[in-house]
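Working through the structure, step by step
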Amino acid sequence: MGYSRFARRKGEAWFLAVVNGTEPRTISIPLSFLPEGDWHAMSARDATAEGAVIGIESSSLSAQATLTVDLQAGGGWLGRLQK
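Now for a look at the structure at hand. (Residues numbered from 1 in each chain as written. Predicted model: local features only at pLDDT ≥ 70, side-chain atom pairs only at ≥ 80, totals over all residues. Heavy atoms only, no water.)

On inspection of all chains with the given rule, the structure shows 1 salt bridge. Across the pair Glu 57 and Arg 45 runs a salt bridge, and its minimum N-O distance is 3.1 Å. Highlighted residues: Glu 57 in strand β5 (residues 54-62) and Arg 45 in strand β4 (residues 38-46), separated in sequence by 12 residues. Overall, Arg 45 belongs to the buried group, its relative accessible area being 15%. (Salt bridge = Lys/Arg side-chain N within 4 Å of Asp/Glu carboxyl O. Helix = DSSP H or I, 4+ residues; strand = E, 2+ residues; numbered from the N terminus. Buried < 20%, exposed > 50% of the residue type's maximum accessible area, 1.4 Å probe, protein only.)

Under the criterion given, the structure shown has 1 aromatic pair. An angle of 65° between the planes, with centres 4.8 Å apart, marks the rings of Trp 14 and Phe 33 as edge-to-face. Placement of the pair is Trp 14 in strand β2 (residues 13-20) and Phe 33 in the loop between β3 (25-30) and β4, with a sequence separation of 19 residues. Here Trp 14 falls in the buried class, since its relative accessible area comes to 17%. (Phe/Tyr/Trp six-rings, centres within 6.5 Å; stacked < 30°, edge-to-face > 60°.)

Printed below as a string of structure tokens:
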């Protein structure tokens, strides 16, 4: 697979994490596990190949959405989804 992914829930918040292997890649994360409704997403990822810069993004999503995540080699991605 080349990467590991994790998901945990606390109350109405979901925490997602992806740790990538040695090759850059793009993955898709279907959000069909979320209950219906609007969700606020906050995510952090490596913004450069050196990993010294972190990019933070915010958006609104629904359970029908799919997140597309671009991963740097040896990088990762963290996300929090909250009602």
